[in-house]
Amino acid sequence: GLFLLSTEQSWNLAFYMLNQLTLDRGPAVEYPSSMCKVSNSNCWASGNAGEMDFLENPWAGNDNSGGAADDYRRMFSTQFNQVGRCFPGQKGQLGASGGGFGSTNYFLGSPPDQAQPWIWAVVIDAVGFTMYRIPGENANDYWPGLNRKTAECTLQSKPSVRPKNTKANSPCDDSIDYCALFVPNCPVSNWGGDNAQGAKNQGCWLNEQQGWCSNWWTMFEDTNQWTWPENGTKAVLHYANTDPVTQKWNVEMECV
């Protein structure tokens, strides 16, 4: 899937996708079932169905360590709110690739008093979420058919240019214009176990209270999005007593 958002200014905002079921059975994996007022099977702690946060400012903290950091410009990407259900994410090689507040998995938007056109393009496929911050004034140079206020009905599956990210495991700050972030999806359909190949060995997120349910990412295609840097090191996952598994993204793309 491809989601596009064109902004003239971008700070203190949220851009996200919800599975329809999440309206009734939402995220918040850490929320205990004992506090669910409806039932254990229909609550924010129990029936996680899918919330994918592409851009989200922290909502707490009025100083530079919280939501006010960088003039409210930090917009985090998160893929662990639906742990263990239909759209599970995973830890990655470094153990923290779900992103979230406090991680390095954030974009800087525009200063609050300054127009800075960006196009935010999010591609979701079997491998993960690849999120591109594209300069709005010349977006067509990066992704043909994509412009500041219009987009062709049919676009190629990814930009024509590799993201300019140069620092490993770092946010998309002001040092480069065309930049991207990535969070991985869980790539397998079975949980496996301590001594078997499967989701456990590949670091897939799981709420033990909920158990392993299903994984719809296995029905998605791999759209062969960009990896970076060009000669990066492939991530290798090894969370159980079985052979390591090499992934399709680079460890430099993961957040910490």
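Predicted model, so just to flag it, every value in this text is computed and none were measured. (Residues numbered from 1 in each chain as written. Predicted model: local features only at pLDDT ≥ 70, side-chain atom pairs only at ≥ 80, totals over all residues. Heavy atoms only, no water.)

As for the state of the cysteines
At step 1: Following the criterion strictly, the structure yields two disulfides and no others.
At step 2: The disulfide that involves Cys172 links it to Cys179, with 2.0 Å between the sulfurs. As the torsion about the S-S bond is roughly -85°, the Cys172-Cys179 disulfide counts as left-handed. Taken as a pair, Cys172 and Cys179 share a single burial class, namely buried.
At step 3: Note that Cys186 is cross-linked by a disulfide to Cys204, the S-S spacing being 2.1 Å. Between Cys186 and Cys204 the disulfide shows an S-S torsion of about 85°. By sign, it is right-handed. In this pair, Cys186 is assigned in the loop between strand S8 (179-184) and strand S9 (234-237) and Cys204 in the loop between S8 and S9, connecting sequence segments 18 residues apart. Judged on exposure class, the residue Cys186 and its partner Cys204 are both buried. (Disulfide = S-S within 2.5 Å. Buried < 20%, exposed > 50% of the residue type's maximum accessible area, 1.4 Å probe, protein only. Helix = DSSP H or I, 4+ residues; strand = E, 2+ residues; numbered from the N terminus.)

Examining the packing of aromatic side chains
At step 1: A full pass over the atoms with the stated rule returns 13 aromatic pairs.
At step 2: Consider the rings of Phe15 and Phe54, whose centres lie 5.1 Å apart with planes at 75°: the pair is edge-to-face. Separated by 39 residues along the polypeptide, Phe15 in strand S2 (residues 14-18) and Phe54 in strand S3 (residues 51-56) bring together distant segments of the chain. Pair check on accessibility: Phe15 and Phe54 agree, each one buried.
At step 3: Pairing Tyr132 with Tyr178 gives two aromatic rings, centres 6.5 Å apart and planes at 10°, and the pair type is stacked. A residue pair is termed long-range when its members are at least 10 positions apart, and Tyr132 in strand S7 (residues 128-135) and Tyr178 in the loop between helix H1 (139-142) and S8 qualify at 46 residues.
At step 4: Site record: aromatic cluster; members linked through ring pairs are Phe3, Phe15, Phe54, Phe129, Trp217 and Phe220. (Phe/Tyr/Trp six-rings, centres within 6.5 Å; stacked < 30°, edge-to-face > 60°.)

A closer look at the nonpolar core
At step 1: Formed by 22 residues in total, the largest nonpolar core has its most connected members in Met52, Phe54, Leu55, Phe107, Ile124, Phe129 and Met131.
At step 2: Listing elements by their share of this core, those giving two or more residues are S2, S3, strand S6 (118-124), S7 and S8.
At step 3: Sort the elements by how many residues they give to this core and S6 lands first, with four residues.
At step 4: In this view, Phe54 contacts Phe3, Phe15, Tyr16, Met17, Phe76, Ser77, Val122, Ile124, Phe129 and Met131; residues no more than four positions away in its chain are not counted.
At step 5: Within the second largest apolar cluster, 20 residues are counted, among which are Ile119, Leu146, Leu237 and Met253. (Core = buried A, V, L, I, M, F, W, Y, C linked by side-chain atoms within 4.5 Å. Contact = heavy atoms within 4.5 Å.)

Examining the pairing of S8
At step 1: Counted residue by residue, S8 has six buried out of six residues, so it is predominantly covered.
At step 2: Side chains Cys179, Leu181 and Val183 of S8 all project onto a buried face; the interleaved residues Ala180, Phe182 and Pro184 project onto the opposite face, where all are buried too.
At step 3: Two elements, S7 and S8, share six bridges in a ladder whose sense is antiparallel. Bridge pairing in S8 places Arg133 opposite Cys179. (Pairing = 2+ DSSP bridges.)

What about the pattern of salt bridges?
At step 1: Tallying each qualifying case throughout the model produces seven salt bridges.
At step 2: Among the ionic pairs, Asp70 bridges to Arg74, the shortest N-O distance being 2.7 Å.
At step 3: With relative accessibility at 26%, the residue Arg74 sits in the partly exposed group.
At step 4: A salt bridge links Glu137 to Arg148; the nearest nitrogen and oxygen atoms lie 2.9 Å apart. (Salt bridge = Lys/Arg side-chain N within 4 Å of Asp/Glu carboxyl O.)

Description of the environment of Asp222
At step 1: Relative to the helices and strands, Asp222 resides in the loop between S8 and S9.
At step 2: Separated by 98 residues in sequence, Asp222 and Ile124 place their C-alpha atoms 9.1 Å apart.
At step 3: Excluding residues that lie within four positions of it along the chain, Asp222 makes contacts with Asp125, Ala126, Val127 and Lys248.
At step 4: A polar contact of 2.8 Å, which involves the side chain of Asp222, links it to the side chain of Lys248. (Polar contact = N/O pair within 3.5 Å; in protein donor to acceptor, adjacent residues only side chain to side chain.)

Some thoughts on the sheet that holds strand S5 (residues 106-108)
At step 1: Overall, antiparallel pairing links the four strands, which are arranged S2-S3-S4-S5 in an open sheet. Two strands close off the open sheet at either side, each with one partner strand: S2 and S5. The mean inter-strand angle of the sheet, taken between neighbouring strand axes irrespective of direction, is 20°. (Axes fitted to C-alpha atoms, helices over the stretch in contact; angles between N-to-C directions.)

Re empty space enclosed by the protein
At step 1: This model, assessed by the stated rule, comprises two cavities of 30 Å³ or more.
At step 2: There is about 70 Å³ of room inside the largest cavity.
At step 3: Ser170, Leu181, Trp228, Glu252 and Met253 are the residues nearest the centre of the largest cavity, which is lined by 13 residues in total.
At step 4: A class-by-class count of the residues in the lining of the largest cavity yields six nonpolar, four polar and three charged.
At step 5: Considering only enclosed or pocket space, the second largest cavity measures out at about 30 Å³ in volume.
At step 6: By residue class, the composition of the lining of the second largest cavity is three nonpolar, two polar and two charged. (1 Å grid on protein atoms, 1.4 Å probe; cavity = no way out; pocket = protein on both sides within 12 Å on 5 of 7 lines; lining within 4 Å. Points joined across faces, edges and corners; volume = space filled by probe spheres on them. Nonpolar A, V, L, I, M, F, W, Y, C, P; charged D, E, K, R; others polar.)

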